[in-house]
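Spelled out from the first residue to the last, the chains are:
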Amino acid sequence: MIELNYSNMMEEVIGANGMAVNMLEGMRGRVSGLHGQFSERTLKEFAFLDLPGKDTSEIRRIAQEVRNDSDAFLVLGIGGSALGPRAILEALSPLHNLKQGPKIFIYDNVDPGTMRHILSVVDLKRTTVNVISKSGSTAETAASFMVLWDRMKTIHGNNASKRFIATTDPVSGALRKLATEEGIRTLPVDPLIGGRYSVLTPVGLLLAEVAGIESQDLLSGADQVNNACSDEDLWKNPVYLFSILLYLMATEEKRGINVMIPYADSLKYLSEWFCQLWAESLGKNGSGMTPYPSVGTTDQHSQLQLWMEGPEDKVITFIRVNDYGKDITIPRVFEKYESMSYLSGHGLSALIKAEQESTELALAKKGKPNMTISIPAIDAYHIGQLFMFFEIATAFTGLLLNINPFNQPGVEEGKKYTYGMMGRKGFEDRKQEVEAARKKKTRWKV
Ligand code: PA5
């Protein structure tokens, strides 16, 4: 089980910048209320909590088809439809394309350069494209789908649809309609599950199975967190403690920047996934906390100075890995150089763990609040635990902030201007607004 150590958040340990026990005690009433909401599933969007019990046989069947007939698997999607799949791939099958097939590509941004590069290395004759869009109408995903559809048509003619899988709403949206008309294989995304809470649906699980990662292990880990974090008593519930500590630090202490720093390269994208979840869920009505993706030890040589001596506005969350798997021992070479030879005989894992612990301590000594989530190992089970841990924490924190953690009205606004600029019917007024705004931008430039 993952463990949360929040000692370095407490006044007793780090002094005046830390949290007093009575501040946490004071949250008991609110925690009980919210706990009731979670256990009674009072919001329909709590559906993400029930994902661990879902049947994955269809996902596994389709993944097997892909593995049998494809050398490349290309995911098209953006936001929640890309970050989760990428976090799974990078955490659980690092350097995947150099080691095994099918090679996996995730195209989210509509950068023509990236599309060109992908098209230059994949053989579309043996590529399966997984277009992921819950709404079925996101401009970026629609555009990349259209490009791939056209190319596949040229190569495969009437069989082009066999090279696609659409992951989308089970009933509504353009992608669902089109997939039905064209005979494209589909996997459903429960309409009650928002994009950024969808990693444990076919959105993330199909890629996992294609990459040879057991989706069931991801779900079992998530399930374990669901059970272990269902205690109403905040002192016994790591998810509630994580949320309350960050919430109080942001609202009472003006520490609204939340650094997420896993000590593992392969968790870098998990940290990016968390940042989207946290930012898009919590940034509303003038509230919110600012997530900041990072990776250790790399950022000790980039960001740490700022965290140690910069403004008092951050809380650092470390992710510590207890077992990195087969270790690499630093050999006994350069023995006459003391500044190097002291490392000899230690594993690289001992060094990275020592760096994590030292950084934690250095921050604590300066009174900088930080906490550590430890996972036993980087495997599907524990990655599943992290996904569920952060999803519950995000929803819980959103409710503490009295905002809706499941919508994203600000993102929708930007999408409408894009529709207008790209000539979509019904959005003509948005185009005019953009043109008027352009005129205002002529004076203040050099
Ligand atoms: O979390 C979200 O809801 C968003 O980031 C969406 O995932 C993103 O906008 C893509 O939406 P869709 O899957 O509908 O194409």
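Here the structure is a predicted model, which is why all the values come from computation and not from measurement. (Residues numbered from 1 in each chain as written. Predicted model: local features only at pLDDT ≥ 70, side-chain atom pairs only at ≥ 80, totals over all residues. Heavy atoms only, no water.)

Caption draft 1: Layout of the packing of aromatic side chains. The full count for this structure, using the stated rule, is 20 aromatic pairs. Aromatic side chains Phe38 and Phe396 sit 5.8 Å apart centroid to centroid with 50 degrees between the ring planes, which places their arrangement in the tilted category. Taken together, the residues span a long stretch of sequence, with Phe38 in helix 3 (residues 28-39) and Phe396 in helix 17 (residues 380-400) at a distance of 358 residues. Here Phe38 falls in the buried class, since its relative accessible area comes to 5%. Judged by relative accessible area, Phe396 falls into the buried class, the value being 0%. For the pair Tyr197 and Phe406, a centre-to-centre distance of 5.1 Å together with 50 degrees between the ring planes defines the contact as tilted. Taken together, the residues span a long stretch of sequence, with Tyr197 in the loop between strand 6 (185-188) and helix 10 (202-210) and Phe406 in the loop between helix 17 and helix 18 (409-421) at a distance of 209 residues. (Phe/Tyr/Trp six-rings, centres within 6.5 Å; stacked < 30°, edge-to-face > 60°. Helix = DSSP H or I, 4+ residues; strand = E, 2+ residues; numbered from the N terminus. Buried < 20%, exposed > 50% of the residue type's maximum accessible area, 1.4 Å probe, protein only.)

Caption draft 2: Structural view of helix 12 (residues 238-253). The end-to-end C-alpha distance of helix 12, which contains 16 residues, comes to 21 Å, matching closely the 22 Å that a straight helix rising 1.5 Å per residue would cover. At the N-terminal end of helix 12, a side-chain oxygen is found 3.1 Å from the backbone nitrogen of Val239, two or three residues along, and the residue is Asn237. Once helix 12 ends, the next one or two residues include Lys254, with phi positive near 60 degrees. (Expected span 1.5 Å × (residues − 1). Polar contact = N/O pair within 3.5 Å; in protein donor to acceptor, adjacent residues only side chain to side chain.)

Caption draft 3: Structural detail: the pattern of salt bridges. Scanning all chains against the criterion turns up 19 salt bridges. When the shortest N-O distance is used, the salt bridge between Lys44 and Glu45 registers 3.3 Å. Looking at Lys44, the relative accessible area reads 56%, which means it is exposed. One salt-bridge network, held together by shared partners, links Glu25, Arg28, Asp233 and Lys236. (Salt bridge = Lys/Arg side-chain N within 4 Å of Asp/Glu carboxyl O.)

Caption draft 4: Spotlight on the layout of surface pockets. Roughly 950 Å³ of internal volume is contained in the largest pocket. Lining of the largest pocket is provided by 37 residues; of these, Ser135, Ser137, Thr138, Ala139 and Lys415 occupy positions nearest its centre. Sort the elements by how many residues they give to the lining of the largest pocket and helix 18 lands first, with 6 residues. Grouping the constituent residues of the lining of the largest pocket by class yields 13 nonpolar, 14 polar and 10 charged. (1 Å grid on protein atoms, 1.4 Å probe; cavity = no way out; pocket = protein on both sides within 12 Å on 5 of 7 lines; lining within 4 Å. Points joined across faces, edges and corners; volume = space filled by probe spheres on them. Nonpolar A, V, L, I, M, F, W, Y, C, P; charged D, E, K, R; others polar.)

Caption draft 5: Summary view of helix 10. In terms of burial, helix 10 is largely enclosed, as 9 of its 9 residues are buried. Those residues of helix 10 lying buried are Pro202, Val203, Gly204, Leu205, Leu206, Leu207, Ala208, Glu209 and Val210.

Caption draft 6: Up close: the sheet that holds strand 8 (residues 290-293). Taken in spatial order, the 5 strands line up as 1-10-9-7-8 in an open sheet, and their pairing is mixed. Each of the sheet's edge strands pairs with one partner strand only, and the pair in question is strand 1 (3-5) and strand 8. Strand-to-strand twist across the sheet, computed as the mean angle between neighbouring axes with direction ignored, equals 20 degrees. Across the face of the sheet, helix 17 comes into contact with strand 7 (257-262), strand 9 (314-323) and strand 10 (370-377) while running at roughly 150 degrees to strand 10. (Pairing = 2+ DSSP bridges. Axes fitted to C-alpha atoms, helices over the stretch in contact; angles between N-to-C directions. Contact = heavy atoms within 4.5 Å.)

Such coordinate-based values are descriptive only and should not be taken to indicate function.
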